[in-house]
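# Structural characterization, general
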Amino acid sequence: MNTSWTRFNIASVVFGFAFLYLPILLLVIYSFNESRLVTVWAGFSTKWYRELFNNQGLMDAAWVTVRVGLVSATFATVLGTLAALALTRYTRFNGRILFSGMVFAPLVMPEVITGLSLLLLFVAVDFGRGFWTVTLAHITFTMCFVAVVVQSRLMSFDRSLEEAAMDLGAGPVTTFLQITLPVILPAVIAGWMLAFTLSLDDLVIASFTSGPGATTLPMKIYSQVRLGVTPEINAVCTLLIGAVAIGVIIASVLNKSREVRRLRDEQAAFANH
Amino acid sequence: MKLISAITRRLVIIVPYAWLLIFFLVPFLIVLKISFSEPVMSMPPYAPTIDLADGISGIFDAFRQFSFSNYLWLTEDSLYINAYISSIKIAFISTMLTLLIGFPLAYGMARAPSSLRPTLLMLVILPFWTSFLIRVYAWIGILKPEGLLNQALMAIGLIDDPLIILNTDTAVYIGIVYSYLPFMVLPLYAALEKMDYALIEAAQDLGCTPISAFWKITFPLAIPGIVAGCLLVFIPAVGEFVIPDLLGGSRTLMIGKTLWSEFFNNRDWPVSSAVAVLLLLILVVPIMFFQQMQAKSQESGR
């Protein structure tokens, strides 16, 4: 039923995407502006990028952010995958309602509440604030996103494959590693990437839970943005956007080639019969 | 064999469960506790209300000492009540605007040739991967009095004097609609894509005008998507901090901003805890609704 992609439909799609992409595009363009005045175009220049790499505070913050992102995304992926397994595989256990509530609530919870409550926890147990408190906070709110992504994949998973492996004598761990994990791997990887970018982006929760010496890049950007728009900030933002875009493109290409390979294998299997 | 399987089953449930209990539920109880304590000038800046060392009787004593002064303070100062009301108002209007822009977009995507749809879907998801802060920041350069929007409008002669948009509520609406648009479009698209468009043709053959066909068929079928999208926009928007702080003016009152400034500027932890508790009370109904919906879609997907 694609006969009627009307002019109105096309116009609303074009308008919608223009709205979504124009601001980002302008930001990228003006990061190459010669002038310090962000809104006046004075010719092409990459000098703000060079200045960026000499800004030690910014570089330190970027390094902290990447470390927090790598560690928290990895733990969040493990915990989120376990949570997804628990939710889809075990329909009945004590406190399941509370559990699913705790998995879904952080998805929409205002960040100020999550940030404040985690900070008060760390203060209550007298845990020194810094790298690890930010990381623990990020694991907690990103694992729920991982759980949702992995869960949607698990729901369309053919469980008879697992049962066959178990019948043939594989233990639950072997079955998971040999059968389940390879099938849900794309979702697990997507979950990791989502957790990593969410951690990279987070300002509010990091501001509450961070301590001295653990200033993240969004915190640094925020404190500079409050003073006004500068081409350096445009340059940092452009680099971040570029990094994310490259990651997403690589992921989708990998996904596509996996898909192609799977189709080819299936066809070969049929041809041999 | 049975034993191993029982143990792994336990572990799969217990590990994430315990993590969420410690890092999600317990912190809320602490917020609740601190919201009932008196502020003091020290570090941490509140007087503990419960000391577990005193045992059961100590806890009962502590309950008698619970102080509602923070909540009384919130009701006495109209600033807080106004902030709550204005947050709900801003979030509600923004949600409606997002629906107004998101619906035609999602509908256009759902009617697009099926070969084009994965690309369009990818294009909606992509901005979600780029930083929230960056996307809000991008609007500052556009909306400033000497910004790109005003330059463009003056260049084509539509206006003579720059419009003042930045640091007003209008800028906050734009920021929320822009940032949360993908959250609205995705569930709408999911609902609209499943729809059988032969129904509309049938309705039109039977004499329905396109508009009445929309209200009688498309709209009712899209309601699950509309509800999901509106909740996904409304709930976080009520507690939004970054957008009102960067795009709104000093007179833009939003509760997330109030909480932030109570905490970071006034260093009044008990009052900011009380603000958080009341914010959560406002959101508890929509959040429960959202969870119910998630659980239901999970059941039907099985």
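Residues numbered from 1 in each chain as written. Chains lettered and ligands numbered in written order. Predicted model: local features only at pLDDT ≥ 70, side-chain atom pairs only at ≥ 80, totals over all residues. Heavy atoms only, no water.

### Section: the overall build of chain A
Heads up, the rule is: Secondary structure is summarised from DSSP: a helix means a run of H or I of at least four residues, a strand means a run of E of at least two, and numbering begins at the N terminus for each. Working definition: with a 1.4 Å probe on protein chains only, accessible area under 20% of the residue-type maximum means buried, over 50% means exposed, and in between means partly exposed. Residue exposure ignores everything except the shown protein chains as possible cover, and the areas themselves are Shrake-Rupley values with a 1.4 Å probe. Within this scheme the basic residues Lys and Arg register as positive and the acidic residues Asp and Glu register as negative, but His and the chain ends are omitted. By convention, charge coordinates are those of NZ in Lys, CZ in Arg, CG in Asp, or CD in Glu.
A tally of helices and strands in chain A yields 11 helices and 0 strands. Going residue by residue from the N terminus, the α and β elements of chain A occur as α-α-α-α-α-α-α-α-α-α-α. Principal-axis analysis of the C-alpha atoms places the extent of chain A at approximately 70 × 60 × 35 Å. For chain A, the proportion of its 273 residues judged to be buried stands at 51%. Working note: accessible area of chain A is about 12900 Å², and carbon and sulfur atoms make up 66% of it. Taken as two groups, the 18 positive and 15 negative side-chain charges of chain A have centres that lie 4 Å from each other.

### Here's the deal with the packing of helix H3 (residues 56-89) of chain A against helix H4 (residues 96-108) of chain A
All names here are of chain A. The condition that has to hold: Every angle, taken between N-to-C directions, lies between 0 and 180 degrees, and every axis is a line fitted to C-alpha atoms, over only the stretch in contact when it is a helix. Any angle that falls under 35 degrees is termed roughly parallel, while one over 145 is termed roughly antiparallel, one within 65 to 115 roughly perpendicular, and all others oblique. Handedness of each helix crossing follows the sense of rotation of the near helix against the far helix: counterclockwise by less than a right angle gives left-handed, clockwise gives right-handed. Two residues form a contact once any of their heavy atoms are found within 4.5 Å. Each residue is assigned to one of three groups, with Ala, Val, Leu, Ile, Met, Phe, Trp, Tyr, Cys and Pro labelled nonpolar, Asp, Glu, Lys and Arg labelled charged, and all others, Gly among them, labelled polar.
Contact geometry for H3 and H4: axes closest at 11 Å, N-to-C directions at 140 degrees. The angle between H3 and H4 falls in the class oblique. For the element pair H3 and H4, the recorded crossing hand is left-handed. Listed contacts from H4 to Ala83, Ala86 and Leu87 of H3 are Arg96, Phe99, Ser100 and Val103. Classifying every residue of the contact of H3 with H4 gives 5 nonpolar, 1 polar and 1 charged.

### Quick word on the UniProt feature "domain: ABC transmembrane type-1" (unreviewed entry) in chain B
To keep it simple, the criterion reads: UniProt positions are given in the numbering used here, feature names are shortened, and annotations may be inferred rather than shown by experiment.
UniProt marks residues 84-290 of chain B with the feature "domain: ABC transmembrane type-1" (unreviewed entry), using the numbering shown here. For residues 84-290 of chain B, the end-to-end C-alpha separation is 21 Å, with 77% helix and 0% strand making up the annotated structure.

### What to know about the interface of chain B and chain A
Note on interface size: it is often stated as the accessible area lost on association of the parts. Defined as follows: A 1.4 Å probe defines the accessible area here, and the buried area is the portion of it lost by two parts on being joined, summed over both. Every case where a carboxyl oxygen of Asp or Glu lies within 4 Å of a side-chain nitrogen of Lys or Arg is listed as a salt bridge. Think of a polar contact as two N or O atoms within 3.5 Å of one another; within protein, one of them needs to be a possible hydrogen donor and the other a possible acceptor, and neighboring residues in sequence only count if both atoms come from side chains.
With 96 residues of chain B in contact, the opposing surface of chain A contributes 93 residues. Interface of chain B and chain A: buried area, both sides summed, is about 8600 Å²; carbon and sulfur atoms make up 79% of it. Scanning the region where chain B abuts chain A turns up 1 salt bridge. Aspartate 245 of chain B is the partner of arginine 226 of chain A in a salt bridge, and the nearest nitrogen-oxygen pair spans 3.7 Å. For the interface between chain B and chain A, the tally reads 7 residue pairs in polar contact (both at pLDDT 80 or more). With 22 residues, helix H1 (residues 2-35) of chain B is the single largest residue contributor to the side of chain B that touches chain A.

### So, unusual backbone geometry
Leave glycine aside and you will find that most residues have negative phi; peptide bonds, for their part, are mostly trans. All names here are of chain B. With a phi angle near 65 degrees, asparagine 167 is a residue other than glycine that sits in the positive phi range. Counting through the fold element by element, asparagine 167 comes out in the loop between helix H7 (148-155) and helix H8 (169-193). For arginine 267, which is not glycine, the phi torsion reads 55 degrees and is therefore positive. One can find arginine 267 in the loop between helix H12 (255-264) and helix H13 (269-301).

### Remarks on the nonpolar core
Rule in force here: As used here, the term nonpolar core means buried Ala, Val, Leu, Ile, Met, Phe, Trp, Tyr and Cys residues forming a set that is joined through side-chain atoms within 4.5 Å.
In terms of nonpolar packing, the biggest core is built from 171 residues, with Phe99 and Phe208 of chain A together with Met109, Leu192 and Val242 of chain B touching the most fellow members. In contact with valine 242 of chain B, other than residues within four places in its own chain, are Leu203 and Val204 of chain A together with Phe132, Leu133 and Val136 of chain B.

### Side note on the UniProt feature "transmembrane region" (unreviewed entry) in chain A
Residues annotated in UniProt with the feature "transmembrane region" (unreviewed entry) correspond here to residues 12-32, 61-85, 97-125, 131-150, 171-194 and 233-254 of chain A. When the span residues 233-254 of chain A is considered, its composition is 100% helix and 0% strand, and the gap between its end C-alpha atoms is 32 Å.

### Looking at the pattern of salt bridges
All names here are of chain A. In the structure shown here, the tally under the stated rule is 6 salt bridges over all chains. Measuring nitrogen to oxygen at the nearest pair gives 2.8 Å for the salt bridge that ties glutamate 162 to arginine 89. With glutamate 162 in helix H7 (residues 160-167) and arginine 89 in helix H3, this residue pair connects regions lying 73 residues apart in the sequence. Here glutamate 162 falls in the buried class, since its relative accessible area comes to 9%. Here arginine 89 falls in the buried class, since its relative accessible area comes to 14%. One connected set of salt bridges, linked through shared partners, spans Arg89, Arg159 and Glu162.

### Some thoughts on the UniProt feature "transmembrane region" (unreviewed entry) in chain B
All names here are of chain B. Residues given the UniProt feature "transmembrane region" (unreviewed entry) here are residues 12-36, 81-107, 119-140, 171-192, 213-238 and 269-290. End C-alpha atoms of residues 119-140 are separated by 29 Å, and the span's content is 91% helix alongside 0% strand. Its end C-alpha atoms 30 Å apart, residues 171-192 is made of 100% helix and 0% strand.

### Considerations on a nonpolar patch on the surface
All names here are of chain A. The following threshold applies: Candidate patch residues must exceed 30% relative accessible area and have no salt bridge, after which like charges are joined if within 9 Å and Val, Leu, Ile, Met, Phe, Trp or Tyr side chains if within 5 Å.
A contiguous nonpolar surface patch, about 530 Å² in accessible area, is contributed by Leu22, Leu25, Ile29, Trp41 and Phe44. Structurally, the position occupied by isoleucine 29 is in helix H1 (residues 7-30). Overall, the relative accessible area of 38% leaves isoleucine 29 in the partly exposed class.

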